[in-house]
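What follows is the residue order along each chain.
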Amino acid sequence: MLKSLKKFDKWLDTHLILLLLLFLLLILRIPNFFEPYWYGDEAIYLTIANGLKQGKILYSQIIDHKTPLIYYFAAVGGQLEFRFLNLIWMTIATMAFFHLAKEFLNKTWTIILATLIFILLSSLPWLEGHIPNGELFVMGFVLLGAYFMSGTKIFNDFFKAENKTLKNIGIGNKEESLSLLLPGLFKRDHLLFLTTGFFFGLGVLTKVPAILDAVVFFSIFWFYVINSFSLKTKSLSTFNKYLKRSLVGIFCVLIGFLTPIFLSILYFALRGAAKDYLDFGLLYNFRYASSWQLDLASPVLEFFFSLPGKFLFAGVLISLFTLLKSHLRPVFQFVATWFVLSLFASLLSNRPYPHYFLQLVPALSLLIALFFDTCLDLKMVRKKFRPKFSIKKIRKLEMFFSVFLISISIAVALILNLGLYEASSYYSNFFKLVSGKISREDYYSSFNSLMTDNYEAARVIMSSGEREIFIWGTNPMLYALTKTSPAGRFTVSFHIRDFLAYSETLDSITAKRPFFIVVMKDENQKFPGFYEFLQENYMPNQSFDHFTLWKLL
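Here is what the cut-offs are and how they apply
- Residues numbered from 1 in each chain as written.
- Predicted model: local features only at pLDDT ≥ 70, side-chain atom pairs only at ≥ 80, totals over all residues.
- Heavy atoms only, no water.
- Axes fitted to C-alpha atoms, helices over the stretch in contact; angles between N-to-C directions.
- Helix = DSSP H or I, 4+ residues; strand = E, 2+ residues; numbered from the N terminus.
- Parallel < 35°, antiparallel > 145°, perpendicular 65-115°, else oblique.
- Left-handed = near helix turned anticlockwise from the far one by under 90°.
- Contact = heavy atoms within 4.5 Å.
- Salt bridge = Lys/Arg side-chain N within 4 Å of Asp/Glu carboxyl O.
- Buried < 20%, exposed > 50% of the residue type's maximum accessible area, 1.4 Å probe, protein only.

(A) Geometry of the packing of helix α7 (residues 153–160) against helix α9 (residues 210–226). Packing of α7 against α9 leaves a shortest axis separation of 10 Å and a crossing angle of 55 degrees. Accordingly, the angle class assigned to the pair α7 and α9 is oblique. Crossing angle aside, the handedness with which α7 passes α9 is left-handed. Residue-level contacts link I154, F155, D157, F158 and F159 of α7 to I220, F221, F223 and Y224 of α9.

(B) Here's a closer look at unusual backbone geometry. In this model, N417 sits at a positive phi of 55 degrees, which is unusual for a non-glycine residue. The phi dihedral of K483 is positive, around 55 degrees, even though this residue is not glycine. On the secondary structure map, K483 appears in the loop between α20 (476–482) and β2 (485–486).

(C) Broad picture of the pattern of salt bridges. For the structure shown, the criterion picks out 10 salt bridges. Put simply, K207 and E135 hold a salt bridge, and the shortest N to O gap is 2.3 Å. Pair noted here: K207 is in the loop between α8 (186–204) and α9 and E135 is in helix α6 (residues 134–149), with a separation of 72 residues, a long-range link. Classification of K207 by relative accessible area gives buried; the value is 11%. Between D157 and R245 there is a salt bridge, with the nearest N and O atoms lying 3.7 Å from each other. With a gap of 88 residues between them, D157 in helix α7 and R245 in helix α10 (residues 236–270) connect regions that are remote in the sequence. Through salt bridges with shared partners, one network takes in E35, E42 and R83.

Listed below in structure tokens is the structure:
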């Protein structure tokens, strides 16, 4: 017993910092479990999940435009269960991020700083981190993939290669890479790379922009080969060995990456929904990314927010990180590349939605911590070692790029008029609720003005036992709250408009004749034939401030 306690005490000593950080994560997310059904995207996930539990086929009989995994996550239960899953998921993601931070940063306090920034930005309402958005699940898959990749020889050899510039000034590990002498260990790496790719593929099946996160980790192979010219052995045979090893690694990651995507296509094909899956789950994302038009005064800005402009900007910066291989450490090359491609992913559609920028959080957290890590390294180098100018130049160049990249992201947020959600009012309202200073109804209304109407209408709908209703307008929260699904394939009116599915939707509700139809008072879009059908077959059951509940005659 005493021996077990000593082991536990030793384990606690080595994991205390991480446990404290995870406790902070838990504390920040406690109010998440007391929110009403108020958030549109989450409500759509739960509505699709309701349809799946009723036996509907995703993309064929009920539709949204994201890849499928987020809907199956939502099918774990109602909002409470979905958010509990999100808490577990973010706990795992934070542990994986903490491990990655230890791989990249030299000092304990900067590892803590990076993880603290990660927890705050991914948990607080600023970027909608308190909602189980797809970006959070993508984040977990990417970080788990990175965790497995960090066990490979290529990963460790690449990031330890930076120590060649520091071995004479007492910073970092002085060991030379032995990877080329240990080919037997590479078989283990095959499995690690396959697993890495598999998790990246699952990320894409949660949200398509995860492709750019996968590209980030493919860049390790690129830098690994190019940077090999900076090693002492510059022979062609050495380069060929690095290239061969990288190609094998790329192949393994690619196979792992494509496997879940292929299996998903096969799954929907077996259910007779392959075409719908390709149209709505995969290919529609390209249309979605190009449908938002920015009104910018400057033609230069308009170009850089276009897809070619973003490709050019990312390509130039990554080329610079490559050409400056002798002046940038491998860890900085990678983190800066991750930041650039994550910013690209956040801006794929140019929409000013805060949760899109959650994809930037891991790279941003590492970049900020790496900046302070670099500042302290430079100070220590100057004070103790008086190195050559090249070492100071490396540090200053990295600091310049860090400030530049962070400044670009701030400028983007200002240009897009990115509206961050308030954190102070979120937590203060929660404290008022638990202390009895405000009622539950007032608390719910602080999230969304529809809440009072929705919860009152939900009592009527749920008492009927109906599994399908139809809502003309945008109020998927009522579907989610009543655990119903739409009588047509679409959950919101703007999807019906985007896909010009008026006739299809009217045919569906005409055939199914749902017992309740909700008409939102702010819905101004014309719906040919709908109102005539409504007047002939339904009567107003109750009028609320924001919608009218109609009942079948």
